Structure formats: structure tokens, C-alpha cells
Amino acid sequence: MWEYTDKVKEHFKNPKNVGEIENPDAVGVAGSLKCGDQLKLYLKIDENNVITDAKFQTFGCGSAVASSSILTEMVIGKTIEEAKKITNKEIAEMLGGLPPAKMHCSVMGREALEAAIANWEKVELPVKDKIVCQCYDVSLGDIAKSIEEGASTVDEVMEKTGAGMGCMKCRNFVKDIVNKELQK
Amino acid sequence: MKLIYLDNNATTKVDENVVSSMLPYFSEKYGNPSSIYDLAHISHDAIQEARETIKDFMGAETPNEIIFTSCGTESANMAIRGALAINKDKKHIITTEVEHHCVLNLYKELEENGYEATYIGVNECGELNLEELKNAIRPDTALVSVMHANNETGAIFPITEIAEVVKEINPETLVFSDCVQVAGKVKMNLKETKVDFASISGHKFHAPKGIGALYIKRRVKIPPLLIGGHQERMLRAGTENVPYIVAMGEAAKNCMQNFDEKIKKITYLRDKLEKGILDNVYNAILNSKAENKVPNTTNIGFQYVEGELILLYLNDLGICASSGSACTTGDLEASHVLRAQNVPFTALHGSIRFSLSHNTTEEEIDYVIENLPKVINKIIEISPFQKELKELKNKQC
């Protein structure tokens with residue numbers, strides 16, 4: 001069994017802001033059913049760019065639900081510019097920490113928030129920002145950068161960026177990407 | 001809060017008379033079985049008596065066919081490595097896709113060391129594909145490992161028939177069966193089979209953790225696992241774990257007593273639980289669909305909800321169950337067993353195993369049937385797949 005903090009337990013036992021917002025101003029989705037977790041985030045945003053309401057629906061484990069729940073509490077009252085600065089680490093910190101193999105749950109929270117803001121701003125996320133490793137929040141751009149900086153094997157890239165070192169779910173995927181990048 | 005323990009395939013509560021049977025061997029009858037004086041004889045005789053009991057329990061021919069080990073994993077490692085030492089010129093090994101990790105991970109390691117492995121699949125009910133197995137056997141097949149029953153779904157594989165077929169195609173191929181999940185649930189009669197090795201683990205049938213046994217058919221000679229003294233016919237050196245061996249013997253005796261009656265009750269309760277859940281929870285599907293399965297196990301998939309959350313909510317109600325799938329065990333991948341039988345991906349991450357024992361009561365089962373639907377409904381409310389769930393509900397009504 002995982003060691004969850006009391007805060008995590010509180011939030012998965014009685015999650016806050018569960019459900020759908022009717023006529024939301026922004027919706028963001030991260031994860032998928034196939035991967036074992038998905039978060040759908042709904043935001044209501046006023047004319048001053050302030051998030052006035054946030055609700056979520058999550059398919060996932062205890063820490064996924066807790067991360068989603070605390071995220072809604074964190075964004076309500078913030079402006080879009082402020083919300084953009086929220087990192088997955090902050091989400092985990094607000095929960096008193098997450099087990100290392102569960103850090104990807106906080107990344108899913110940040111990704112859904114990013115997607116929702118992009119949806120509101122009507123922009124597409126640039127490819128380089130696509131997250132490859134959810135545990136250590138490593139993007140395609142990060143992998144490319146580590147290679148530019150001298151990493152020349154899969155192991156070196158993984159060591160440098162942390163990609164594939166957490167829950168290991170993405171390890172083979174990371175290897176493929178790294179090999180492709182190295183061939184360039 | 002009352003504890004409702006429905007995770008008996010993970011481990012079991014040690015029977016009270018088992019605990020009392022082992023206690024004298026700590027501070028009273030503590031002699032080393034290898035020593036010469038009377039105190040030592042007491043320990044020696046206790047081990048032999050337990051060996052005799054385990055012989056009957058596993059349906060072996062002679063007590064010498066039983067080697068005491070520390071657990072099921074050790075027994076499996078000893079059997080597999082032993083078999084390969086016997087057939088050292090043969091470099092092909094066969095097992096199933098749904099084996100326990102103590103077999104699968106060892107096979108993976110062997111593959112890295114020059115062995116070629118074939119993994120036999122299962123059908124969507126979790127039953128082994130026997131034709132596939134037959135076709136896989138080759139002149140250089142050293143070993144076939146097939147579990148007697150699967151830990152996650154309870155599906156029973158016909159090891160008697162399998163061993164028969166293997167030996168008919170290649171008499172030199174050795175057969176190992178992981179019998180950990182049938183011990184105490186299905187009568188074993190290994191002497192009537194052509195199975196060469198079989199493993200059991202005490203803590204799965206109400207003995208303590210840390211004791212197991214390996215059946216090695218007479219005339220099958222393997223090299224030792226541990227080298228040292230003469231214990232366990234020199235196959236596993238090291239002073240015997242006398243109290244635990246005694247305990248496992250006692251637990252085996254308990255299992256054999258009123259066996260049919262106990263199994264009848266467990267089967268009735270398991271069937272009641274299974275039906276109760278499937279009838280009352282609209283997104284539930286049955287994963288343990290094998291025609292022949294152990295009497296204590298059911299595995300149910302809850303579509304569009306996630307297993308860990310179900311277990312955490314059940315835990316708050318005092319109900320212990322388990323999910324072979326994602327997130328619970330440090331392994332975030334969905335269960336290899338359920339994937340092998342193509343459980344729909346909508347239910348793959350929300351599959352729960354309930355495993356009963358002779359301690360399970362009807363009152364406990366009724367409590368689960370009453371409360372589980374509430375738990376699932378609460379999680380359904382959080383799910384982003386409301387549209388899909390609504391469609392499922394309409395289909396059911």
C-alpha cells in the first residue's frame with residue numbers, strides 16, 4: 001500500500017469541486033482510459049481573466065483524485081497568468097507530498113490546467129511542450145535539449161532528464177524517442 | 001470496525017491450532033534435528049511427521065518427495081533451475097502468459113542467458129490454449145511450467161492432462177506446476193500425474209509466512225539449491241525451520257479435515273458474492289469466467305472506474321480485497337493476467353479480486369453486497385466517462 005499523507009487521504013475520500021460546469025469557459029483533458037488515468041478540468045473565467053469556478057472529473061487512483069481536487073482549490077480566485085505559473089511540484093507540495101511513483105498524478109493536474117488555458121486562449125500546445133514522462137515532467141523539448149548538451153546514449157538521456165526513471169510506464173516510449181533524436 | 005478479509009489468495013489468517021502447534025518448538029522443543037540427543041529427536045520426528053502430512057496433502061507417493069523450503073518462490077526457483085540442470089543440453093522452455101512473477105521473471109532472466117522461451121496464451125475466459133501448448137513442444141524443450149490455478153482469476157489448468165501430453169510428445173521434457181493457489185482448495189494427487197515438480201506455500205492455507213514445500217517426483221534428481229549440510233536430502237542445506245514446518249503440517253491437516261464440507265460452503269459464498277455484485281452494479285463484468293476455477297476466487301471488473309480507489313474506499317469500510325491491476329502494488333501496468341485474456345480496456349484498470357476462506361461468513365458477504373454498490377456509485381460520480389456510463393446503464397435496464 002502507498003504511503004499517502006493525511007492531506008491526500010482527505011482529498012480522495014471527500015474530493016472538492018467534483019463534476020461538470022455547465023457552459024464552461026475552458027475545458028482541459030489529460031491522460032486516457034487506456035493509460036489508467038484521466039482528468040477533465042472545467043473552468044469558469046470572468047472578464048478580468050480571473051478563474052471564478054473550477055470543477056473536475058477524474059478516472060484514476062487515490063492520488064490522481066487528490067491532485068485534481070486540490071488543483072481546483074488552487075486555481076479558483078487566480079488570474080490566468082497566475083494559474084499558468086502553477087507547477088506539478090506545487091500541486092504535490094499542497095498535498096504534503098506524493099509517493100515518487102505517483103508524481104505523474106500531479107503532472108496530470110498541471111497538464112489538464114495547461115490544456116484548459118490553451119483551450120481558453122484558443123492556442124494549440126507546441127509539440128516541444130508535449131510531456132513524455134509524467135513522473136518527472138519531461139517534455140520532448142527537454143529530451144532534445146539534453147542531447148544538444150551532450151547526452152549520447154539512452155541511459156545518459158534518462159539519467160540527465162529523469163525520463164523513464166519513475167513509474168517506468170513510459171520507459172520504452174522514451175527509449176524510442178531518444179533513439180530517434182539521436183539518429184537526427 | 002469489523003474487518004472483512006477477502007484477500008486470501010494474497011495470504012491467510014493463521015489457524016489458531018496451527019499457532020499453538022508451533023509454539024513448543026521455540027523454547028521447549030528447540031533441539032537441532034541434526035543433533036544426537038533426545039531433544040533433537042523430538043524436532044527430527046516432528047519434521048518427519050509434517051513431511052508425511054504434506055505427502056498426503058499433495059498426493060505424493062513417498063514423504064521423500066517433499067522438500068521443505070521458505071516459500072513458493074523458492075520452490076519454483078529450485079524446480080526450474082533444477083529441471084534445467086537435468087536437461088542441460090536443451091535450451092527451450094515453455095510457460096504461460098499468466099504465470100506468477102516467480103516463474104515469469106525467472107523465465108525473463110533465463111531468456112537473457114541463452115534460453116528461448118515460449119509463452120502460451122489463454123482464451124477470453126482465462127483458460128489455457130492446449131493446442132498452442134502441444135504445438136510448442138520441441139525436441140529441445142527442457143521444461144514446461146504451468147500453474148495449477150491462477151492467483152488472479154482462479155482459473156484451473158488441467159495439469160494432469162498437460163503433463164500427459166508433454167511426456168507423450170517429449171518424454172525428456174520436465175514438467176513443473178506452481179500449485180500455490182490450489183493448496184487447500186482443490187485435492188491434489190500428484191502421484192497419479194506425470195508432473196515432476198510442484199510447489200506450495202504455507203501462508204496461502206493458514207500456516208505462517210516463510211514456509212513452503214517442493215514436490216520432486218521420485219527418481220528425478222536435481223542438484224542442490226543451497227550447498228552445506230545434509231538437510232533435506234542435501235538438496236536444501238541449512239538447519240530446518242522446525243516450528244514453521246510443524247505449523248504447515250498442522251495447517252495441511254486442517255485443510256484435509258471436512259474438506260468437502262468446507263469447500264461447499266466457500267463455493268456457495270463465493271457464488272453469492274459474485275452474483276450479488278453482478279446483479280447490483282451495472283458497470284460490473286465478470287473476469288473469472290473459466291469453467292473450472294478454484295472455489296474461493298472471483299474477479300470482477302468495474303468499467304470506467306479505477307481499482308485503487310475502489311480498494312481505498314473498501315478499506316474505509318473494513319473490507320480487504322485486491323486488484324492485480326494498476327497502481328496498487330508499485331507496478332503501474334495493468335494486470336498481465338487480465339491483459340492476456342483480453343479483458344476490455346474499460347475494465348482493465350478497475351478489476352478487483354475477492355478471495356474467500358473457511359473463515360468467511362455469510363454476514364460478511366451480505367455486508368459487501370450491500371456496501372460495494374455504494375462505493376462504486378461514489379466513484380462513478382467522479383468519473384469523466386459519464387456519457388459512456390449512462391449508455392451502459394441504459395443497456396442494462
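Residues numbered from 1 in each chain as written. Chains lettered and ligands numbered in written order. Predicted model: local features only at pLDDT ≥ 70, side-chain atom pairs only at ≥ 80, totals over all residues. Heavy atoms only, no water.

## What about the overall build of chain B?
Worth spelling out the cut-off: What counts as a helix is a DSSP run of H or I of at least four residues, what counts as a strand is a run of E of at least two, and both are numbered from the N terminus. To get the radius of gyration, use the C-alpha atoms; to get the globule rule, take the number of residues to the power 0.38 and multiply by 2.2 Å. For each residue, the accessible area found with a 1.4 Å probe, counting protein chains only, is set against the maximum for its type, and the residue is called buried under 20%, exposed over 50%, and partly exposed in between. Whether two residues are in contact is decided by their heavy atoms, any of which lying within 4.5 Å being enough. Only the protein chains shown count as cover for residues, with accessible areas throughout obtained via the Shrake-Rupley method and a probe of 1.4 Å. Counting rule applied: Lys, Arg positive; Asp, Glu negative; His and chain ends not counted. Taken as the charge centre is NZ of Lys, CZ of Arg, CG of Asp or CD of Glu, depending on the residue.
Helix and strand counts for chain B come out as 14 helices and 12 strands. On C-alpha atoms alone, chain B measures out to a radius of gyration of 22 Å, which is about the 21 Å that the 2.2 N^0.38 rule sets for 397 residues. Principal-axis analysis of the C-alpha atoms places the extent of chain B at approximately 70 × 55 × 35 Å. Classification of the 397 residues of chain B by burial places 59% in the buried group. Within chain B, contacts between residues at least 6 apart in sequence are counted, and of these 71% link residues at least 24 apart. Carbon and sulfur atoms make up 51% of the accessible area of chain B, which amounts to about 16400 Å² in all. Side-chain charges of chain B comprise 42 positive and 54 negative groups, with the mean position of each set lying 1 Å from the other.

## Digging into the side chain of His92 of chain B
Residues and elements named next belong to chain B. Threshold: Polar contact is the term for a pair of N or O atoms within 3.5 Å; when the atoms are in protein, one must be able to donate a hydrogen and the other to accept it, and sequence-neighboring residues count only if both atoms are side-chain atoms.
Topologically, His92 is positioned in strand S3 (residues 92-96). Classification of His92 as buried rests on a relative accessible area of 0%. At a separation of 2.7 Å, a polar atom in the side chain of His92 contacts the side chain of Thr118.

## Comments concerning empty space enclosed by the protein
All names here are of chain B. Test applied: Here the term cavity refers to a set of points on a 1 Å grid, laid over the protein atoms alone, in which a 1.4 Å probe fits but cannot get out; the term pocket refers to an open set having protein on both sides within 12 Å along at least five of seven lines, with lining residues being those that place an atom within 4 Å of a point. Grid points are joined across faces, edges and corners, and a volume is the space filled by probe spheres set on the points.
Taken as a whole, this structure holds 1 cavity of 30 Å³ or more when the rule is applied. Its volume calculated, the largest cavity comes out at about 170 Å³. Lining the largest cavity are 17 residues, and of these Gly184, Lys185, His206, Ile266 and His358 lie nearest its centre. Broken down by element, the residue count for the lining of the largest cavity peaks at 4 residues, all from helix H9 (residues 259-280).

## A few points about the pattern of salt bridges
Residue and element names in this part refer to chain B. The cut-off we apply is this: Salt bridge, as used here: a side-chain nitrogen of Lys or Arg that lies within 4 Å of a carboxyl oxygen of Asp or Glu.
Following the criterion strictly, the structure yields 28 salt bridges over all chains and no others. Two residues, Glu131 and Lys134, come together in a salt bridge whose shortest N-O distance is 3.3 Å. Of this pair, Glu131 and Lys134 both sit in helix H6 (residues 130-136), separated by 3 residues, roughly a single helical turn. Looking at Lys134, the relative accessible area reads 34%, which means it is partly exposed. Between Lys187 and Asp260 there is a salt bridge whose closest N-O contact spans 3.4 Å. Of the two residues, Lys187 sits in the loop between strand S6 (174-178) and strand S7 (197-201) while Asp260 sits in helix H9, which places them 73 residues apart along the sequence.

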